[in-house]
Amino acid sequence: MTFPVKMADSLPSEFDVIVIGTGLPESIFAAACSRSGQRVLHVDSRSYYGGNWASFSFSGLLSWIKEYQENTDVVVESSTWQEQILENEEAIALSRKNKTIQNVEVFCYASQNLHEDIEETGALQKSHASVTSANSAEAVEPNCLPPEPNCLPREDESLSPLSCEVPAEQIPGSDTEIALEVNDAEVTRKREKRSEDKTSEEETTKNTSIAEDTTEQPKKNRITYSQIIKEGRKFNIDLVSKLLYSRGLLIDLLIKSNVSRYAEFKNITRILSFREGIVEQVPCSRADVFNNKQLTVVEKRMLMKFLTFCMEYEEHPEEYKAYENVTFSEFLKTQKLTPNLQYFVLHSIAMTSETTSSTIDGLKATKNFLHCLGRYGNTPFLFPLYGQGELPQCFCRMCAVFGGIYCLRHSIQCLVVDKESGKCKAIIDQFGQRINSKHFLVEDSYFSENTCSHVQYRQISRAVLITDRSVLKPNSDQQISILTVPGEEPETFSVRVIELCSSTMTCMKGTYLVHLTCTSFKTAREDLEPVVQKLFIPYTEMEIESEEVEKPRILWALYFNMRDSSEVGRNCYNDLPPNVYVCSGPDCGLGNDNAVKQAETIFQQIFPSEDFCPPPPNPEDIVLDEDSSHPEASESSVMPKPNSETPKETTSLGNLEESSE
């Protein structure tokens with residue numbers, strides 16, 4: 001069901017559950033409630049699904065950057081809601097400003113052809129210097145205003161990030177503006193044709209006027225900022241960088257609930273390590289170990305023996321009991337492993353801290369890594385096509401299929417609390433409508449400073465890079481890699497690097513999308529720039545002349561800090577009613593287990609006798625009313641239409657689950 005802004009008064013006034021925020025844990029919880037027959041209202045003040053779990057096209061990301069760089073404190077508040085608070089009630093005001101993102105910095109290294117018009121508004125203009133910081137006033141111009149708020153598409157519509165981001169841009173020189181309903185492929189063809197016509201005209205002019213001057217001709221394989229802007233729809237850039245363990249809680253939930261039908265996945269193809277300035281591939285499966293040419297025969301036997309022990313370490317407590325109080329790094333030194341193998345196990349297989357992780361933590365992490373091998377590929381990890389932001393939308397779709405109502409760009413002014421019982425009884429939205437409910441789930445970024453005055457948050461440092469090639473020359477140009485770079489100083493944290501190729505549908509062909517993540521010690525740029533400098537070099541005109549460049553070149557970079565509230569307990573918030581539950585934003589971990597645990601824990605607290613996201617009913621078992629003139633639409637009618645650009649080498653969880661079993 002859809003409720004535009006002008007029709008907000010037609011929202012029902014009674015629900016069983018109201019969910020505020022469309023992040024992954026909130027979306028899972030909403031889907032579980034709707035599946036169990038509860039009446040669910042799911043709202044978000046943003047114009048897109050996912051919150052800090054969202055994915056953006058390039059133009060959408062520029063608009064998101066603009067939103068946080070403006071950093072205005074002027075918020076228009078409506079006082080009409082205060083008139084609806086009765087004498088025996090009190091209000092908990094919610095925040096109208098998201099303060100979870102800080103220290104946003106943008107740098108553009110790609111060259112800008114001054115003779116080439118940038119077709120997409122919101123372009124970050126390239127100055128004559130090699131770097132442009134988005135902290136400058138002219139660094140980022142927003143795209144057009146966000147579209148009118150949407151709810152989840154109707155059965156004949158497709159749930160796509162494109163519908164929640166920015167409107168289609170107006171082609172320069174065109175008399176008409178492209179409507180949102182125009183097919184993207186048709187728009188792309190028109191743009192390409194226009195671009196080809198324009199290029200041919202320019203070439204004709206150049207040939208007739210300065211045919212003898214060839215010094216300004218562009219080099220082959222040169223990627224300009226204009227190209228990134230034009231191909232912006234091919235980018236799906238995640239705000240949070242995560243992977244799915246093939247035997248993790250989220251994969252199991254996707255299969256159990258059959259939500260996996262709404263998404264496709266690709267295997268992570270390589271696990272890399274960075275040691276002494278060299279990037280190399282880590283052997284993790286039995287086949288990888290014995291095919292590796294960098295390990296000696298003795299090292300291969302050592303590694304296989306140790307990995308076999310880790311798979312069944314709980315059956316041999318005598319092997320590790322004496323080392324329970326020391327770090328995993330110290331334990332590895334006692335296991336007849338060469339320094340090279342110790343490094344591989346610690347940083348690329350267990351992926352634990354050298355200074356803080358205990359022996360038990362390291363053994364558990366190594367066993368989990370090995371346990372996930374081989375289920376869907378040669379590594380333990382999967383990545384969703386079109387980005388991490390697809391996952392919240394998949395669960396939102398399931399919620400809508402079972403009757404949930406969605407409203408984006410729909411702000412909530414306050415929670416209404418009954419003084420006598422102390423329970424929350426309703427919300428009042430931006431239009432002054434009072435909506436009653438029994439249970440409320442709120443994403444923590446919506447709480448005001450008064451509610452969070454005693455909360456201490458951690459921070460996540462994030463960087464997003466667009467580069468021209470991989471950090472390790474691949475056998476094919478479609479490799480998806482994960483790399484862990486340990487911190488050099490005791491107070492610094494290891495940095496996780498995930499490199500995505502164009503077959504993941506997250507970047508344009510000829511580029512790679514690189515995500516860097518670590519727990520914050522300083523600002524994101526201060527934390528991550530040393531690692532960026534080790535692995536990459538800025539894209540400059542001088543280096544283009546040299547065909548042999550050892551490191552990948554950075555075309556564009558974004559740094560920002562994101563709040564991590566994953567370890568904040570409910571008791572840390574001031575005066576929350578007992579029927580108001582809290583979900584945190586993304587944590588710094590690699591997997592999504594924390595989001596699933598949050599959603600399931602809260603669901604079981606509210607509905608202890610209900611199954612959490614059970615499988616959908618078999619369509620053959622559904623009995624329709626005899627007097628119904630039109631049969632109900634099946635779930636398949638609301639599934640996204642297959643994307644013509646989706647690569648063939650994708651993973652279907654359901655099919656592979658059946659075959660693997």
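These notes cover the structure that comes with them. This is a predicted model, so every value here is computed, not measured.

Here Ser57 lies in the loop between strand S3 (55-56) and helix H2 (58-70). Engagement of the side chain of Ser57 in a polar contact is seen with the side chain of Ser59, the distance being 3.3 Å.

Moving on: the environment of Tyr48. Structurally, Tyr48 is set in the loop between strand S2 (40-44) and S3. Once the C-alpha coordinates of Tyr48 and Gly60 are considered, the two residues, 12 residues apart in sequence, prove to be 9.9 Å apart.

Counting residues in each nonpolar core, the largest one holds 100 residues, and the members touching the most others are Phe58, Trp64, Phe306, Leu516, Trp556 and Leu558. If you tally residues by element for this core, the top one is strand S21 (residues 553-564), at 8 residues. What Leu558 contacts, discounting residues up to four positions off in sequence, is Leu61, Trp64, Ile65, Val104, Glu105, Val106, Arg462, Ala463 and Val464.

The next point concerns the pattern of salt bridges. Evaluation of the coordinates by the stated rule reveals 21 salt bridges. Here Lys425 and Glu89 are joined by a salt bridge, their closest N and O atoms 3.1 Å apart. Taken together, the residues span a long stretch of sequence, with Lys425 in strand S14 (residues 424-429) and Glu89 in strand S4 (residues 89-93) at a distance of 336 residues. For Lys425, a relative accessible area of 29% puts it in the partly exposed group.

At a minimum axis distance of 8 Å, the contact between helix H1 (residues 24-35) and helix H14 (residues 593-606) shows a crossing angle of 40°. Taken together, H1 and H14 sit at an angle that is classed as oblique. By crossing handedness, the relation of H1 to H14 is classed as right-handed. Taking contact as the criterion, the partners of Leu24, Pro25, Ile28, Phe29, Ala32 and Cys33 in H1 are, on H14, Ala595, Val596, Gln598, Ala599, Ile602, Phe603 and Ile606. Grouping the constituent residues of the contact of H1 with H14 by class yields 12 nonpolar, 1 polar and no charged.

Look at helix H12 (residues 524-535): 17 Å from first C-alpha to last across 12 residues, which is about the 16 Å you get at 1.5 Å a residue. Along H12, the residues that are buried comprise Ala524, Asp527, Leu528, Val531, Val532 and Leu535. For H12, the angular spread of buried residues about the axis comes to 115°, placing them on one side.

Even without being a glycine, Met505 presents a positive backbone phi close to 60°. Tracing the backbone through its elements, the reader meets Met505 in the loop between strand S18 (495-500) and strand S19 (512-519). Unusually for a residue other than glycine, Asp575 sits at a positive phi of about 55°.

Attention now goes to the pairing of strand S22 (residues 580-583). Every second residue of S22 is oriented toward a common face, with Val580 and Val582 on one face and Tyr581 and Cys583 on the other, all of them buried. When strand S15 (residues 434-443) meets S22, the two strands line up parallel, connected through 4 bridges. Across the sheet, Leu441 pairs through a bridge with Tyr581, a residue of S22.

As summarised here, the arrangement of the 3 strands in space is S7-S11-S8, forming an open sheet in which the pairing is antiparallel. Each edge of the open sheet is held by one strand with a lone partner, namely strand S7 (244-245) and strand S8 (265-267). When S8 meets strand S11 (residues 381-384), the two strands line up antiparallel, connected through 3 bridges. Considered in S11, the bridge of Asn267 is made with Leu382.

Inspection of the entire model under this criterion finds 18 aromatic pairs. Ring plane angle 55° and centroid distance 6.1 Å describe the contact between Tyr49 and Tyr406, whose orientation is recorded as tilted. Pair noted here: Tyr49 is in the loop between S2 and S3 and Tyr406 is in strand S12 (residues 405-408), with a separation of 357 residues, a long-range link. Geometrically, the ring pair formed by Phe58 and Tyr225 is edge-to-face, given 6.0 Å between the ring centres and 70° between the ring planes. Here Tyr225 lies in helix H4 (residues 225-230) and Phe58 lies in helix H2, a separation of 167 residues in the sequence. Accessibility classification places Phe58 together with Tyr225 in one group, the buried group.

What follows concerns the packing of helix H5 (residues 249-257) against H14. Interaxial distance between H5 and H14 falls to 8 Å at its minimum, and their mutual angle equals 55°. Regarding the angle of H5 to H14, the classification is oblique. Together, Leu249, Leu250 and Leu253 of H5 and Asp593, Val596 and Lys597 of H14 make up the contact between the two elements. Residue classes in the contact of H5 with H14 are distributed as 4 nonpolar, no polar and 2 charged.

Parameters at a glance
Residues numbered from 1 in each chain as written. Predicted model: local features only at pLDDT ≥ 70, side-chain atom pairs only at ≥ 80, totals over all residues. Heavy atoms only, no water. Helix = DSSP H or I, 4+ residues; strand = E, 2+ residues; numbered from the N terminus. Polar contact = N/O pair within 3.5 Å; in protein donor to acceptor, adjacent residues only side chain to side chain. Core = buried A, V, L, I, M, F, W, Y, C linked by side-chain atoms within 4.5 Å. Buried < 20%, exposed > 50% of the residue type's maximum accessible area, 1.4 Å probe, protein only. Contact = heavy atoms within 4.5 Å. Salt bridge = Lys/Arg side-chain N within 4 Å of Asp/Glu carboxyl O. Axes fitted to C-alpha atoms, helices over the stretch in contact; angles between N-to-C directions. Parallel < 35°, antiparallel > 145°, perpendicular 65-115°, else oblique. Left-handed = near helix turned anticlockwise from the far one by under 90°. Nonpolar A, V, L, I, M, F, W, Y, C, P; charged D, E, K, R; others polar. Expected span 1.5 Å × (residues − 1). Arc of directions from axis to C-beta. Pairing = 2+ DSSP bridges. Phe/Tyr/Trp six-rings, centres within 6.5 Å; stacked < 30°, edge-to-face > 60°.

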